[in-house]
Amino acid sequence: MMNKFMSFFIILSSLCNVLSTDEEITIEDYNGDPMVDYDSEKRGRLLRLKFQSPVVDKFLQAMGNTHSYTSNGDLFSFLRDSYPLPKGLKQPYNEYDFVIVGAGSAGCALASKLTENRNTTVLLIEAGKPEMLLTDVPALAPYFQGTDYVWQYYMEPQPGVCMGMIDQKCFWPRGKAVGGTSVINYMIYTRGRKQDWDRIAADGNYGWSYDDVLKYYKQMEKSDLKGYEKQPHRGRDGDMPVEFVPIQTRLSDAFLKAGRILNHPTVDYNAPEQLGFGRVQTTTSRGHRYSAAKVFLHRHKNRPNLHILHNTMATRVLIDPQTKDAYGVEYVRDNLLFTVFARKEVIISAGPIASPQLLMLSGVGPASHLKSVGIPVIQNLPVGQKLFDHICFPGLIFTLNETRISFIENRDIDLRTVIQWLHNGDNLISSPGGVENIGYIKTSVSNDPDPLVPDIELIGIGGSILSDGGPGASKAVRRGMRIKNKLFDEAYGTIDGTDTWSVFPMLLHPKSFGRIELKDNNPFNHPRMYGDYLKDPSDVASFVAAIRHVQAMAATAPFQRLGAKIYPAKYRTCKDYTFDSDEYWECAVRTLTATLHHQIATCRMGPDGDPEAVTDPELRVRGVNNLRVVDSSVIPRTISAHTNAPAIMIGLKAADLIKFRWNLK
């Protein structure tokens, strides 16, 4: 017990460090929101999320300790995983067989598989730092949206969306860590429908049909799903654990029962045969997060042929302008500029925002745009010109007439709970931000002719975005979404921190799409990101239809026994509309427009002759030799999936493509 208690002390201490700045933690106002302060010209590097954690408060009360916490440097670096160069090397080599930029979900899987051959040398470059004890805690996922484990990206302002967010800007956090977004996401494991991948292949992308990619999903999985793992489409011998969340509320059962009443069977929602509802499947083991780094790198970091440089920023891929051969990478480490050479290939795995940015900085992209920011054009390609994203609406909230039925942070988290989680991993701290269920539906407005292709994913919550509210609570979810405090309090203040139920409808196949462009030729400046959400009226119609479907669920007996009643949120942005009208719900969706961090297609693959293709079906950058992109940015069309598992699959498949190209065993 003493060891567990000391572990708890370490976790709380590191929480104070990871959420602090170089100043004493205080609550400061920005536009009336006790949340952030930042320099608008350096957003992302200077942004600081500041909030008080009730877990920390309760521990300090129990200890009779009134410390104030400051941080000068990384005082708790000993809690982080470490990736020293093997065999006592002080500096990396000047040349490797492969140089991979980005240790995200795909990059980790790719590096691990390539270095199974001990004669193949790989340098893996990552701008972020290694994960730590706290990132293993599923319930803390919302907290990390405002830390330096995240690229603090913001979409360019778009009228009519994110109206309830600070500065009316949509927040696009992406993982900045060894492990990428898998270190800070909600751990939801979905693969995409069979039809999604078959359509990608039918477009001319050979090797990407469902049967082709299923091999890699099964290869990665170590599933334990109450019998589902025995089905032929599941894997049990891989390295990535996939499990049900160990503890759920009664709301989860009500969700499944309501689904069955409305003809949605309870299924393994990753099965190809039918649509339905199910318990959420997560990349966790015994209630602890398993990131791509933990799965694919940690056990292999002492391989002499795998070198990992974290806190290292790639600034340019070196490409010979005459031969168009990629031959190396420039990177900055400890404020010094270095060059590393690649004997075989450079592979960009920096994610759907940073990968197109790095390509364009290297002279690969739309010629007119590159010239406008002073970058010599090496290859004219439509890099960043198409971007799809999954957005959701988190404001559909139902009050309940029973207490102690949903997750409530103030009520349910205390020292005993944390100790129990450390020991067994089987309480609410193992919940990925309260997510309990996933359901796929085909709404009445869907125009897809295939009955097995949904247009909406329903994310069932064992509570709502109010569950971490109330006096002294963290309010981490709303803050992670950058919702304005005043708007939130006006809409929900009277029920904040009470027992509620919510479903987040997520638009799976938006017709609207955006783009990414460079701000300038400085690699340390974020690119300009245009989401162009809800530009197509059919996207709005799908959201409204999904809201009506959730209301039908709430009207079934399982939820009526709990007294489920929709709460009439009063958004100041929607005061001209009658509550529960279609016009009101459109306004509500435009007020609380939240990304699920599933951007794709910015380096989309496509066959010969596809004018929108940046890469070919083997992920090679068109017109440039020895250069590939391996991450979710290559996915060419929308898929019914959270993109972590597809990104890992892409990394594993790319490893086989590369091994075949270079005759590696």
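For the structure, see preceding data.
Residues numbered from 1 in each chain as written. Predicted model: local features only at pLDDT ≥ 70, side-chain atom pairs only at ≥ 80, totals over all residues. Heavy atoms only, no water.

## Considerations on the layout of surface pockets
Rule in force here: Site definitions follow a grid-based scheme: protein atoms alone, a 1 Å grid, a 1.4 Å probe that fits but cannot get out for cavities, and for pockets an open set with protein on both sides within 12 Å along at least five of seven lines, plus lining residues having an atom within 4 Å of a point. Grid points are joined across faces, edges and corners, and a volume is the space filled by probe spheres set on the points. Per the convention used, a helix needs a DSSP run of H or I reaching at least four residues, while a strand needs a run of E reaching at least two, with both numbered from the N terminus. Each residue gets one of three labels, nonpolar for Ala, Val, Leu, Ile, Met, Phe, Trp, Tyr, Cys and Pro, charged for Asp, Glu, Lys and Arg, and polar for the others, Gly among them.
In this structure, the second largest pocket occupies an estimated 450 Å³ of space. Taken together, 24 residues form the lining of the second largest pocket, with Asp 448, His 509, Pro 510, Lys 511 and Thr 638 sitting closest to its centre. Of all the secondary structure elements, the ones that give two or more residues to the lining of the second largest pocket are α4 (194-202) and α14 (537-554). Sort the elements by how many residues they give to the lining of the second largest pocket and α14 lands first, with four residues. Taken together, the residues of the lining of the second largest pocket sort by class into eight nonpolar, six polar and ten charged.

## Overview of the sheet that holds strand β8 (residues 240-244)
Put simply, the test is: Strand pairing requires that DSSP identify at least two bridges connecting the strands.
Spatially, the three strands line up as an open sheet ordered β7-β8-β10, and their pairing is mixed. In the strand order of this sheet, the two ends are held by β7 (221-224) and β10 (281-282), each with one partner. As paired strands, β8 and β10 are joined by two bridges and run antiparallel to one another. Residue pairing across strands places Glu 243 opposite Thr 282, the latter belonging to β10.

## Some details on the state of the cysteines
Note the cut-off: Disulfides are defined in this document as cysteine sulfur pairs within 2.5 Å. Only protein chains enter the accessibility calculation, which uses a 1.4 Å probe; a residue is then buried when its area is under 20% of its type maximum, exposed when over 50%, and partly exposed in between.
In total, this model carries two disulfides according to the counting rule given. At a sulfur-sulfur separation of 2.1 Å, the disulfide partner of Cys 574 is Cys 587. Taking the torsion about the S-S bond as the criterion, the Cys 574 to Cys 587 disulfide, at about -95°, is left-handed. Taken together, the positions of Cys 574 in the loop between β26 (565-566) and α16 (582-591) and Cys 587 in helix α16 put the pair 13 residues apart, joining distant regions of the chain. An identical accessibility class is assigned to Cys 574 and Cys 587; each is buried. In the protein chain, the bonded cysteines, numbered by position in the sequence, are linked as 1-2, 3-4.

## Here we look at the side chain of His 288
Short version of the rule: Two N or O atoms count as a polar contact when they lie within 3.5 Å, although within protein this holds only if one can serve as hydrogen donor and the other as acceptor, and sequence-adjacent residues are included solely when both atoms are side-chain atoms. Two residues form a contact once any of their heavy atoms are found within 4.5 Å.
Relative to the assigned elements, His 288 resides in strand β12 (residues 288-289). For His 288, the side chain forms a polar contact with the main-chain oxygen of Arg 286, separated by 3.0 Å. In this structure, His 288 is in contact with Asp 136, Pro 138, Thr 283, Trp 421 and Gly 425, ignoring residues within four places of it in sequence.

## A word on helix α13 (residues 485-492)
Going by this rule: Working note: the arc is built from the helix axis to C-beta atom directions.
Among the residues making up α13, those that are buried are Asn 485, Leu 487, Phe 488, Ala 491 and Tyr 492. Buried residues in α13, looked at end-on, bunch into an arc of 165°, giving them a common side. On its buried face, α13 is in contact with β20 (397-399), α12 (476-480) and α16.

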